[in-house]
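What follows is the residue order along each chain.
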Amino acid sequence: MKKTILFIMGACITIPLIFLFLWSLTQRLQWPNILPQQLSLNTWQQILGQKEFILSLAISLGISISVTLLAMAVSLPAAFAISQYAFKGRTFIWIMLLMPLIIPSISISIGLHLVYLKWGLTDTFIGVVLCQLIPTVPYAIKILTSNFDLLGRGLGEQAKILGANTFDVILHIYLPNMKPALSLSAVLVFIVSFSQYLLTFLIGGGTIKTLPILLFPVMQSGNRSEVSVYSMVFILTAMIATFLIERYLSGNNKNDYYINL
Amino acid sequence: MYYLAVEAIEKSYNNKKILDKISFQVNKGEFLSILGESGCGKTTLLKIIAGLIKQDSGKITLEQCDISNTLTQKRSIAMVFQDYLLFPHLNARDNVEFSLKMKGMEEKKKRSIALEYLELVQLSGMGDKYPHELSGGQKQRVAIARALVAEPKAILMDEPFSNLDTNLRSEMCEFIKRLQKQIEMTTIMVTHDRKEAMQLSDNILVLHDGTAAQCGTPAEVYKSPADLFVARFMGDLNLIEGYRRSGRFYSQIGLEFSDEGIDKNIIYAVRPESIGVSSIAAVDYIKGVIQSKFFMGEKMNYSVLVNGTPLNILALSGNSEYNIGQEVFINIPVECIMSGE
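All of these numbers come straight from a predicted model, not from anything done at the bench.

Draft legend 1. A look at the overall build of chain A. Within chain A, the regular secondary structure consists of twelve helices and two strands. Each helix (α) and strand (β) of chain A, taken in turn from the N terminus, gives the series α-β-β-α-α-α-α-α-α-α-α-α-α-α. The principal-axis extent of the C-alpha atoms belonging to chain A is close to 70 × 55 × 30 Å. Split into buried and exposed, the 261 residues of chain A put 30% on the buried side. For chain A, the proportion of contacts with a sequence separation of at least 24, taken over those separated by at least 6, is 73%.

Draft legend 2. Representation of the overall build of chain B. Summing up its helical and strand segments, chain B has eight helices and 20 strands in all. Along the first, second and third principal axes, the C-alpha set of chain B runs to 75 × 45 × 35 Å.

Draft legend 3. Quick peek at the interface of chain B and chain A. The partner chain A presents 19 residues to the 21 residues of chain B that form the contact. Those elements giving two or more residues to the side of chain B that touches chain A turn out to be β6 (77-80) and α2 (92-102) of chain B. At three residues, the largest contribution of residues to the side of chain B that touches chain A is made by α2 of chain B. When the residues that make up the side of chain B that touches chain A are grouped by side-chain class, the tally is 13 nonpolar, five polar and three charged.

Draft legend 4. Here's a closer look at the nonpolar core. Residues and elements named next belong to chain B. In this structure, I49, M79, A145, A147, L156 and I188 are the most contacted members of the largest nonpolar core, which totals 112 residues. In contact with A147, other than residues within four places in its own chain, are A78, M79, V80, P152 and I155. Counting residues in hydrophobic clusters, the runner-up holds 19 residues, among them I275, V306, I313 and A315.

Draft legend 5. Structural view of the environment of T237 of chain A. Tracing the backbone through its elements, the reader meets T237 of chain A in helix α12 (residues 224-250). In the structure, T237 of chain A is positioned ten residues away from V227 of chain A in sequence and 15 Å away in space, judged by C-alpha atoms.

Draft legend 6. Molecular detail of the sheet that holds strand β2 (residues 16-26) of chain B. Residues and elements named next belong to chain B. The strand order across the open sheet formed by four strands is β2-β1-β4-β5, and the pairing between neighbours is antiparallel. Two strands close off the open sheet at either side, each with one partner strand: β2 and β5 (65-66). Examined bridge by bridge, strand β4 (residues 57-62) and β5 share two bridges and lie antiparallel to one another. Across the sheet, residue T61 finds its bridge partner in β5, namely D66. Packed onto the sheet, helix α1 (residues 42-50) meets β1 (4-13), β2 and β4 and runs at close to 120 degrees relative to β1.

Draft legend 7. Quick peek at the environment of T122 of chain A. Residue and element names in this part refer to chain A. Residue placement: T122 occurs in the loop between α5 (105-119) and α6 (125-151). Judged by local crowding, T122 falls into the buried class, with 21 C-beta atoms found within 10 Å. Every residue in contact with T122, bar those within four places of it in the chain, is listed here: H113, Y116, L117, G127, I203 and G205.

Draft legend 8. Expanded view of the sheet that holds strand β9 (residues 203-208) of chain B. All names here are of chain B. If you trace the six strands from one edge of the open sheet to the other, you get β6-β7-β8-β3-β9-β10, paired in mixed fashion. Only two strands of the sheet have a single partner each, and these edge strands are β6 and β10 (211-216). Taking each pair of neighbouring strands and ignoring which way they run, the sheet shows an average axis angle of 20 degrees. The pairing of strand β3 (residues 31-35) with strand β8 (residues 187-191) spans five bridges and is parallel. Counted as the bridge partner of I34 is V190 from β8.

Basis of the calculations
Residues numbered from 1 in each chain as written. Chains lettered and ligands numbered in written order. Predicted model: local features only at pLDDT ≥ 70, side-chain atom pairs only at ≥ 80, totals over all residues. Helix = DSSP H or I, 4+ residues; strand = E, 2+ residues; numbered from the N terminus. Buried ≥ 20, exposed ≤ 12 C-beta atoms within 10 Å, placed from the backbone. Contact = placed C-beta atoms within 7 Å. Nonpolar A, V, L, I, M, F, W, Y, C, P; charged D, E, K, R; others polar. Core = buried A, V, L, I, M, F, W, Y, C linked by C-beta atoms within 7 Å. Pairing = 2+ DSSP bridges. Axes fitted to C-alpha atoms, helices over the stretch in contact; angles between N-to-C directions.

Written out as structure tokens, the structure reads:
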């Protein structure tokens, strides 16, 4: 039963990917065939040869990496404070931090656009990076806070008794025990940022061309082969980023351990 | 001068007073147990001494230095928590080394000190084991080694035996007592188990509803309790109701003795093991009938009906055994009678 479920789940993921890959290599596909009659690397060569495509990929990666680093830098201390300290207004701050998950991006982006216009942040790389923190930070804070809650205050208190200050507690006790949560939130932030269209479009104003900005018009053109190449690049980039984050943030700890609850 | 002194500590949560002017003193190398029911503020008091909770008022001095407002990490007081709180990502040796690492000690030196302390707690060769690979007793030993390696001025222990099974608990009790005497470490332990407290402590502080009910040696607290709560908390009791008239106490069960003071109704208390029981009548013995009996291993627990009042009596199992319904004679030594008010 378990194997059957795993097989079905695996098939649901791999079959569309196989078709996507085949379509990206399709030179000729005539109805009613579902498999292409002629395969070639023409579309791949054509798209990868476009300067605009390479530039948008580089911009996308630059924005997503910056957003991931900034989101983690903001979320980690915020999650630590919310989980470990009792202070006035804690619940209010918690709700405000999670608000972007409830409020649609379009509602935020209109107001944000006006503010950014005043500050001269529209159509800039920094402007796009900052606006992408809005839909990403709540995910990171939610995951990290849950993990801090799970670890509890005890380990931190014990470390303080043994001579650690708050910075040492975070660095030597919480971070090593939070690698899986850190990796999960970083992956999530990266993927949400990498696939962000609306906020990038409104704040970037078409000047900052990320991969999704380039992909949407291509999708409307109806060229299946071209769309498939874009999609494959999109998926591969996200997969490589996930692998790298998992590899370097989660580490490869052979000594598996458990938190005593 | 006392080594560690706690003066008039007060703490309230949501307008509810948890600790009310708690004061006590500990000498260097002394083992003090803070004994009390669950929720009486024992752990809060311990955390205040450690600096993990800020007191509302009061003062803590260690070696004549006021540490009331000193940061936890600067107090030089170690603490072993109820659930040990070993760092799960570090092995036993790295756990023990942690405080040395915080002091910035060089790698080679801290490794040799950590191994030395692991040897002290009889865990040589276990340094590479991770917390999840250790048993409850081993975890506790690592936690103790980790606390001691920092060379604290005092060590605090919060219910250290509560997660251990009965046999291991007794073994660890002996181990801690031996270790504490060996290194002459000033120790304060919080517990709700009076047997543990009496076995380990030089002095016992009994807490009741956030106040210090009594502080004294185990014998003092057991034999001369300050009030009925302390008396009941330290062991089972029989209450003997009666009245005092013209310098003599008279009770319903027939117990009489000289008792100076104003004439009034009065309650006295006596511990079950202080009452003697015999099948042979003698002077000052009171007649009773065995109502029930329970075998408790080394002791027998009898319930004896004496002039309509049931008395709980503990007798050694090896001595004569009495049957239910048998007529017996009991003796209550006057020196074992405590105030029950």
